[in-house]
Amino acid sequence: MKLFNFIPAAVIGAALVTSNPAEARPHLYTGVFGYGGNVEECIRGAKALLNANGFNKSLEVDKKKRMAYVTAYHNDDFMVVEIGCDQKLGVTYLAISGLDNETTYKTYTKLYTSEW
């Protein structure tokens, strides 16, 4: 009988402790665009866009046949971005992740509306 008295107390206690919603981190925003150019032009434009927006830290380019992507960290904020160019599929993708939702979304919007 003591077990049955403990169970309701445990359920009520757990509900009180976890009543606040959990905030997921890091925040992630992605987008995919059609692209008809070649990989070299796409990567060159992506690198220029990232450099112009403060993503200079650990900038890396990984190239494969007709496909490449650029990854970089922001110099001042806790954000990382990747821009990929896939000539085979004719698409470019943008993915950005950061700890502060407002800053990450503003930066995503800025990169998303830019042309490269």
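Refer to the structure presented above.
My aim in this report is to walk through the structure given alongside it, one point at a time. Here the structure is a predicted model, which is why all the values come from computation and not from measurement. (Residues numbered from 1 in each chain as written. Predicted model: local features only at pLDDT ≥ 70, side-chain atom pairs only at ≥ 80, totals over all residues. Heavy atoms only, no water.)

This part covers unusual backbone geometry. With a phi close to 55°, serine 58 is a non-glycine residue in the positive phi region. Looking at the element boundaries, serine 58 is found in strand β2 (residues 57-64). Under the relative-accessibility criterion, serine 58 is labelled partly exposed at 44%. Despite not being glycine, arginine 66 shows a phi value in the positive range, around 60°. Within the secondary structure, arginine 66 sits in the loop between β2 and β3 (67-73). Classification of arginine 66 by relative accessible area gives partly exposed; the value is 43%. (Helix = DSSP H or I, 4+ residues; strand = E, 2+ residues; numbered from the N terminus. Buried < 20%, exposed > 50% of the residue type's maximum accessible area, 1.4 Å probe, protein only.)

Before going further, it helps to examine the sheet that holds β3. Within a sheet, neighbouring strands are paired by backbone hydrogen bonds and run either parallel or antiparallel to one another. Overall, antiparallel pairing links the five strands, which are arranged β1-β5-β4-β3-β2 in an open sheet. The open sheet has two edge strands, β1 (27-34) and β2, and neither has a second partner. For this sheet, the mean angle separating the axes of adjacent strands, direction not counted, is 10°. Relative to β3, β2 runs antiparallel, the two being bridged by six bridges. The residue of β3 that forms the bridge with lysine 63 is alanine 68. Across the sheet, helix α2 (residues 39-52) lies against β2, β3, β4 (79-86) and β5 (91-98), angled at about 10° from β3, the strand it touches most. (Pairing = 2+ DSSP bridges. Axes fitted to C-alpha atoms, helices over the stretch in contact; angles between N-to-C directions. Contact = heavy atoms within 4.5 Å.)

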